[in-house]
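# Survey of secondary and tertiary structure
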Amino acid sequence: MIWQDMTCPAIDANLVGNLKTFPLDLLMARESTDSTGAVSVTFLPNAKVHNSYVLNLLRATWDGINQLRPNTRNFIVARGGYAGLQRYAALWTGDSGSTWNFLRINIPEVLNLGLSGVPISGCDIGGFAKVSVDGIDTDFPDRFVAGEPFSAASIVGGITNYELLTRWMQLGSFLPWYRNHYDGYNKQFQEPYAYGEPVPTNCRKYVELRYRMMQIYYDAMYQWTQTGMPMARALFLNDPTDPQAYAALNINTQFFVGRDFLVAPVTDPHDSLNPPTTPTRTVYLPAGNSWYHFTDNISPIAGALVGGQTVTVTAGLDTVPIYVRAGAILPFCELEQWVGEMPANPLTLNFYPGPDRSTDDQAYVLYQDDGTSNQASTGAYRLSRIYQQTLQNAGAVTRQVRIARVHDGFLPPVTFYYVAVLGSITSPIRVLRDGVAVTNVGDPSSLNSSPVDAWYWNSSIQIAFAKILDNRADTTIVFNY
């Protein structure tokens, strides 16, 4: 990985016009090659070619690291750029100040970058710089003595407010680029573990959720390569026929991860006010669909809420309001402390009740490769379409899911996957795979250890789980109720 920081030449704040870059009239060389191979050089003022500087810098960095490590998937994150930078680098939004206002603008910043073709972007979580305004934001006694050797022990204070840091960690966990970053010359610390409880616990909850959602982010990234749809999406991208999806309050304060996962972070202070107020959040649920409050398979999902309405929910410092579109298919992996900690990390395919996803354009597209090499560019990847359908006949309900490989050039290290069918208040009568009955093993440990296809009903969270061996290119699992 290369962190390409100063993508615009920053040399002197005292230049004419108070610019921190090359003078706009500075002549810069541009080399071109004609159809015969002849090379010519022309000179243009910086004002005309300024934006080419960063694009060429990122392209040169990309070319260089790929020559150094030609068989490895390399990564660049840049501080700035121009149209086309997405070919070479991700983007972070520069030196944010540690204020609630900077937290709030993270959402429209990243959504606008996504609309501009940049799929991976994000901010400095917690804010990079200390800011001397808005007293509830930060407490900044500056005791660093100029001229002393820098060390963490030299700084006392400059600490981002604990509530602001928690909310930023929560919001940032759903953005494509996620990094806590701060000015160590002016801030004593900003790591969540350096704060007292419950800050570490409340932050850890959403860091861990991000790791379990890694397949969803990976699939959204693949979709960007095919369609240009960003990973973090403004409401109107997924629900373009809903007028309220264009309302400023809605598109600036909430967003989708992929197609069906709606996130509404809290971006206003409550706990640090004097007196404190109850943290609440209004969430707009797009029209034309029903929505389930996300319970992360810890408790049963409640009845679906009709779209086209705004709901108000209480959201303490341990909570981000999240809703899932009815009919959604969401793959989660097991928790890792870093990507690759588990050599084989099984997926759980979560199927939410709702409208059928039975056609190719409705199906969930699951993308898998080795995650580190460039072999996917030559076909070493697996692409699967995942469908679900609900059938009713004489009072009996059947929910069936289908997993079909579209491209099969990669063998995942995990030899099975889990299927989780949510939202039925009773146990299935039976489960079949491609017409053959699957054994009910009765409990989760027996399911996990089963060497063959198996299932069980978890009555406490009202989810039917099945373990399915990954040994067929096209398979259908039927849950009869």
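Look above for the structure.
These notes cover the structure that comes with them. Everything numeric in this text was worked out from a predicted model, so none of it was measured. (Residues numbered from 1 in each chain as written. Predicted model: local features only at pLDDT ≥ 70, side-chain atom pairs only at ≥ 80, totals over all residues. Heavy atoms only, no water.)

### Remarks on the nonpolar core
Phe174, Phe255 and Phe261 are the most contacted members of the largest nonpolar core, which totals 83 residues. Top contributing element to this core by residue count: strand β24 (residues 416–422), with 7 residues. Grouped together as the second largest cluster of nonpolar side chains are 13 residues, Ala245, Trp291, Val313 and Tyr323 included. (Core = buried A, V, L, I, M, F, W, Y, C linked by side-chain atoms within 4.5 Å. Buried < 20%, exposed > 50% of the residue type's maximum accessible area, 1.4 Å probe, protein only. Helix = DSSP H or I, 4+ residues; strand = E, 2+ residues; numbered from the N terminus.)

### Structural notes on unusual backbone geometry
Keep in mind that most residues, glycine aside, have a negative phi and that most peptide bonds are trans. Cis rather than trans, the peptide bond between Glu197 and Pro198 has omega equal to 10°. With respect to the helices and strands, the residue Pro198 is situated in the loop between β10 (179–180) and α4 (199–212). Pro275 follows Asn274 through a cis peptide bond whose omega is 0°. Looking at where Pro275 falls in the secondary structure, it is placed in the loop between β13 (261–263) and β14 (280–285). Despite not being glycine, Gln462 shows a phi value in the positive range, around 55°. Residue Gln462 is classed as partly exposed on the basis of its relative accessible area of 23%.

### Quick word on α4
Taking 1.5 Å as the rise per residue, α4 with 14 residues should run 20 Å; its terminal C-alpha atoms sit 20 Å apart, in good agreement. Along α4, the residues classified as buried are Val199, Pro200, Asn202, Cys203, Tyr206, Leu209, Arg210 and Arg212. On its buried face, α4 is in contact with α3 (162–172), α5 (214–227), β18 (322–325) and β19 (329–333). (Expected span 1.5 Å × (residues − 1). Contact = heavy atoms within 4.5 Å.)

### Topic: the sheet that holds strand β1 (residues 2–4)
The strand order across the open sheet built from 4 strands is β1-β4-β5-β6, with neighbouring strands paired in parallel fashion. Strand pairing shows two members of the sheet lacking a second neighbour, β1 and β6 (121–122), which therefore form its edges. Sheet topology places strand β4 (residues 76–78) next to strand β5 (residues 90–92); 2 bridges connect them, and they run parallel. Counted as the bridge partner of Ala78 is Leu91 from β5. (Pairing = 2+ DSSP bridges.)

### What about the environment of Pro265?
In this structure, Pro265 sits in the loop between β13 and β14. Since its relative accessible area comes to 1%, Pro265 is described here as buried. Between the C-alpha atom of Pro265 and that of Gln254, which follows or precedes it by 11 residues, the distance is 6.7 Å. Those residues in contact with Pro265, other than ones at most four positions away along the chain, are Ile107, Leu171, Thr253, Phe255, Arg281 and Val320.

### A short note on the side chain of Thr398
Within the fold, Thr398 resides in strand β23 (residues 396–408). On the basis of relative accessibility, which here comes to 18%, the residue Thr398 falls in the buried class. Polar side-chain contacts of Thr398 include one of 3.0 Å to the side chain of Asn480. Discounting chain neighbours no more than four positions away, the residues touching Thr398 are Gln389, Thr390, Leu391, Val478, Phe479 and Asn480. (Polar contact = N/O pair within 3.5 Å; in protein donor to acceptor, adjacent residues only side chain to side chain.)

### A word on the environment of Arg30
Mapped onto the elements, Arg30 comes out in strand β2 (residues 27–33). On the basis of relative accessibility, which here comes to 47%, the residue Arg30 falls in the partly exposed class. For the pair Arg30 and Val118, spaced 88 residues apart in sequence, the C-alpha to C-alpha distance is 26 Å.

### Observations concerning the packing of aromatic side chains
By the definition in use, this model includes 16 aromatic pairs. Chaining the aromatic ring pairs together yields one cluster made of Phe174, Tyr206, Phe261, Phe294 and Phe332. The side chain of Arg210 reaches across the aromatic face of Tyr217, ending 4.9 Å from its centre. Positioned above the aromatic ring of Phe416, the side-chain terminus of Lys467 is 4.3 Å from the ring centre. (Phe/Tyr/Trp six-rings, centres within 6.5 Å; stacked < 30°, edge-to-face > 60°. Lys NZ or Arg CZ within 6 Å of the ring centre and 35° of its normal.)

### Details of the pattern of salt bridges
Counting across every chain of the model gives 20 salt bridges. Taking the shortest distance from any N to any O, the salt bridge between Asp63 and Arg59 comes out at 4.0 Å. Highlighted residues: Asp63 and Arg59, both in helix α1 (residues 46–68), separated by 4 residues, approximately one helical turn. For Arg59, a relative accessible area of 46% corresponds to the partly exposed category. Asp260 is paired through a salt bridge with Arg259; the nearest N and O atoms lie 3.5 Å apart. Linked by salt bridges that have partners in common, Asp239, Arg259, Asp260, Arg325 and Arg357 make up one network. (Salt bridge = Lys/Arg side-chain N within 4 Å of Asp/Glu carboxyl O.)

### A short note on the pairing of strand β21 (residues 364–368)
Within β21, 5 of the 5 residues are buried, leaving the element largely enclosed by the surrounding structure. Along β21, one buried face is formed by Tyr364, Leu366 and Gln368 and the opposite face, lined by Val365 and Tyr367, is buried too. Both β21 and strand β22 (residues 382–393) contribute to a ladder of 5 bridges, which runs antiparallel. The partner of Tyr367 across the bridge, within β22, is Leu383.

### Brief notes about a nonpolar patch on the surface
Together, Leu27, Val39, Val41 and Phe43 give the surface a local cluster of nonpolar side chains, amounting to about 410 Å² of exposed area. Looking at the nonpolar patch, the element that brings in the most residues is strand β3 (residues 39–45), giving 3 residues. Within the secondary structure, Phe43 sits in strand β3. (Patch = residues over 30% accessible without salt bridge, like charges linked within 9 Å, V, L, I, M, F, W, Y side chains within 5 Å. Areas by Shrake-Rupley, 256 points an atom, 1.4 Å probe, with all protein chains shown as cover.)

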